[in-house]
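# Structural features, examined
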Amino acid sequence: MKKLFLFVLLAGLAAASVADELAIGAAAPKFALVNAVDGKTVTFKPGDGKLSVVVFTCNQCPYAKAFEPRIIELARQYQAKGVAFYAIDPNDEAQYAVESLAEMKARATSHGYPFPYLKDGDSTVAHAYGARVTPHVYLIDGGGTLRYRGYVDDSAKPEERRTTGLSNALDDLLGGKAVSNQATRAFGCTIKWKS
Amino acid sequence: MRLATLLFLIATAASAADLRDVDNPAKVKDVFPAKAKIRIVNIWATWCVPCVAEIPELRAVAAAFGPTVALVGVSMDDMIPETSRQKVVAFLNTQKISYTNLYYRGNVDDLTNYFRFEGEIPVTVAYDRSGKEVWRHQGPIKSADTIAELRKLLGRMQ
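Figured I'd write up the structure that's included with this text.

### Topic: the overall build of chain B
A tally of helices and strands in chain B yields 5 helices and 6 strands. For 158 residues, the compact-globule formula gives about 15 Å, and the C-alpha radius of gyration of chain B, at 16 Å, lands near that figure. With respect to the principal axes defined by its C-alpha atoms, chain B has extents near 55 × 35 × 25 Å. Across chain B, contacts joining residues at least 24 apart in sequence account for 79% of those joining residues at least 6 apart.

Written out as structure tokens, the structure is:
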């Protein structure tokens, strides 16, 4: 009986906690999510031969919004080199109306997002990647393997940047090298999980 | 100076928030008074919704103990470009926060590495006089739980 109680307790604790972050070298989870901009489903199949950047971001977090111009800049720069970008909003719109599809569409349109802005309404994809905050980025190679995770840069202020996490990793992979800085600590707003 | 102006300045100074600048995470612990047995660091920002919701809980914790427990807030407001120190001062005054706060102007990596947290705020970490970590809570605290935990820790330090 004691063992059963312990098992139930541990299972409960595991269910209540956020999933571990996806390990470097692990296979990236696939996803199919609705693009707020046009209502169409966008599918990401890791191993499609493309370098892919998955960015968990949102409408309401000031820190995520501070990185928005930088993410757009990097997307434009690296899409020209064949890299795919996916922005995913994992926040619960029931708690934060600003995270609704309509609000996402408005933001993506007014800011000229050069990538789909996908709704992960029940945070399933965020859980699968082990994302914790917005913004939180993942770089997946053409074979579907995670090569970088963490922050975009270590500062939202261009003049104070010391480490450019995402662009360094992209440059390494595009240059045929192993990523020198594979994991950084993403800082930002806690994902607003569906309760 | 007219008397009314002088009285106004005195009153303002008396109620002004205690916000000091810091750019090195290692300097945060220097702020605590020597007699504090437990030294609590709360990392937060005015732009962080759960952090703002947590403020009354922190006030309750700060009020529950005498000088044996000291609380210091570390504001991460400066991490976003469009904020200002004045905004934090105004917030501290509005919220009637009497414990010391630090306006962090350093690098985010330095701070997350020093306090060993995974980038989510609020996070609250307690240290003993020697600087050893004795308690930690990720996410908003509950004052009743935190006060009970701190009393237990103080009991063990007697």
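### Quick notes on the sheet that holds strand β4 (residues 84-89) of chain A
Residues and elements named next belong to chain A. On the basis of which strands lie adjacent, the open sheet formed by 7 strands has the order β2-β1-β5-β4-β3-β7-β8 and mixed pairing. Among the strands making up the open sheet, the edge pair consists of β2 (41-44) and β8 (146-150). For this sheet, the mean inter-axis angle between neighbouring strands, taken without regard to orientation, is 30°. Judged from the 4 bridges that link them, strand β7 (residues 136-140) and β8 form a sheet pairing that is antiparallel. Bridging across to β8, Leu139 finds its partner in Tyr148. Helix-sheet contacts for helix α5 (residues 165-174) involve β3 (52-56), β7 and β8, and the interaxial angle to β8 is about 165°.

### Description of the environment of Lys157 of chain A
Residues and elements named next belong to chain A. Positionally, Lys157 belongs in the loop between β8 and α5. Using a count of 12 C-beta atoms within 10 Å as the deciding quantity, one classes Lys157 as exposed. Placed 25 residues apart in sequence, Lys157 and Arg132 show a C-alpha to C-alpha distance of 22 Å.

### Details of the pairing of strand β5 (residues 123-127) of chain B
Residues and elements named next belong to chain B. Bridge count between strand β2 (residues 38-44) and β5: 5 bridges; the pairing is antiparallel. Within β5, the residue paired with Val41 across the bridge is Val125. The pairing of β5 with strand β6 (residues 133-138) spans 5 bridges and is antiparallel. Bridge pairing in β6 places Thr124 opposite His137.

### Things to note about the nonpolar core
Core analysis: the largest hydrophobic core is formed by 83 residues, its most contacted members being Val55, Tyr63, Ala87, Ile88, Leu139 and Leu166 of chain A. The biggest single contributor to this core is helix α2 (residues 62-79) of chain A, with 7 residues.

### Observations concerning the packing of helix α2 (residues 49-64) of chain B against helix α5 (residues 143-157) of chain B
Residue and element names in this part refer to chain B. Between α2 and α5, the least distance of the axes is 9 Å, while the angle of their chain directions is 30°. The pairing of α2 with α5 is recorded here as roughly parallel in orientation. Between α2 and α5 lies a crossing of right-handed hand. Facing Glu57, Ala60, Val61 and Ala64 of α2, the residues of α5 in contact are Ser143, Thr146 and Ile147. Looking at the contact of α2 with α5, its residues break down into 4 nonpolar, 2 polar and 1 charged.

### Considering α2 of chain A
Residue and element names in this part refer to chain A. Compared with the 26 Å implied by 1.5 Å per residue over 18 residues, the 25 Å span of α2 between its first and last C-alpha is a close match. Taken as a whole, α2 carries its principal kink of about 40° at Glu68; the proline Pro69 stands between one and four residues after it. Within α2, the full set of buried residues consists of Pro62, Tyr63, Ala64, Lys65, Ala66, Phe67, Ile71, Leu74 and Ala75. Residues of α2 that are buried make contact with β3, β4, β6 (133-134), α5 and β9 (189-190).

### Observations concerning the interface of chain B and chain A
Buried accessible area, meaning the area lost when the parts come together, often serves as the stated size of an interface. Across the boundary between the two partners, chain B contributes 13 residues, which contact 17 residues of chain A. In terms of residues, the side of chain B that touches chain A owes the most to one element, helix α4 (residues 108-114) of chain B, which gives 3 residues.

### Some remarks on the sheet that holds strand β4 (residues 100-104) of chain B
Residue and element names in this part refer to chain B. Taken in spatial order, the 6 strands line up as β1-β4-β3-β2-β5-β6 in an open sheet, and their pairing is mixed. Single-partner strands in this sheet number two, and they are β1 (19-22) and β6. Put simply, the sheet's adjacent strands are angled 20° from each other on average, direction ignored. Across 7 bridges, the pairing between β2 and strand β3 (residues 69-75) is parallel. When the bridges of β3 are listed, Ile38 appears paired with Val69.

### Considerations on unusual backbone geometry
A cis amide bond, omega 0°, links Thr134 of chain A with the succeeding residue Pro135 of chain A. Its location among the elements puts Pro135 of chain A in the loop between β6 and β7. Here Ser123 of chain A, not a glycine, exhibits a phi torsion of approximately 60°, which is positive. Note that Ser123 of chain A resides in the loop between β5 (117-119) and α4 (124-129). Overall, the presence of 20 C-beta atoms within 10 Å leaves Ser123 of chain A in the buried class. Even without being a glycine, Arg116 of chain B presents a positive backbone phi close to 50°.

How each quantity is defined
Numbering of residues starts from 1 in each chain and follows the order in which that chain's sequence is written. Whichever chain is written first is A, and whichever ligand is written first is 1; the rest continue in order. Thresholds applied to this predicted model are a pLDDT of at least 70 for local features of residues and 80 or more for the giving and counting of side-chain atom pairs; totals over whole chains, interfaces and linings are not thresholded and use all residues. Helical segments are the DSSP runs of H or I of at least four residues, strand segments are the runs of E of at least two, and each set is numbered from the N terminus. For the radius of gyration, the atom set is restricted to C-alpha positions; the globular benchmark scales as 2.2 Å times the number of residues to the power 0.38. Contact criterion: two residues are in contact if their C-beta atoms, reconstructed from the backbone, are within 7 Å. Whether two strands pair comes down to DSSP finding at least two bridges between them. Whenever a helix is involved, its axis is fitted only over the stretch in contact; in every case the axis is a line through C-alpha atoms, and angles between N-to-C directions fall within 0 to 180 degrees. Three classes are used. A residue is buried when 20 or more other C-beta atoms lie within 10 Å of its own, exposed when 12 or fewer do, and partly exposed in between, with C-beta atoms placed from the backbone. Nonpolar core, as used here: buried Ala, Val, Leu, Ile, Met, Phe, Trp, Tyr and Cys residues forming one set through C-beta atoms within 7 Å. An angle counts as roughly parallel when it lies under 35 degrees, as roughly antiparallel when it exceeds 145, as roughly perpendicular when it falls between 65 and 115, and as oblique in every other case. Each crossing gets its hand from how the near helix is turned against the far one by less than a right angle, where anticlockwise is left-handed and clockwise is right-handed. Classification convention: Asp, Glu, Lys, Arg as charged; Ala, Val, Leu, Ile, Met, Phe, Trp, Tyr, Cys, Pro as nonpolar; all other residues, Gly among them, as polar. A helix is expected to span 1.5 Å for every residue after the first. Here the bend at a residue means the angle between the axes of two seven-residue stretches, the one that ends at it and the one that starts at it.

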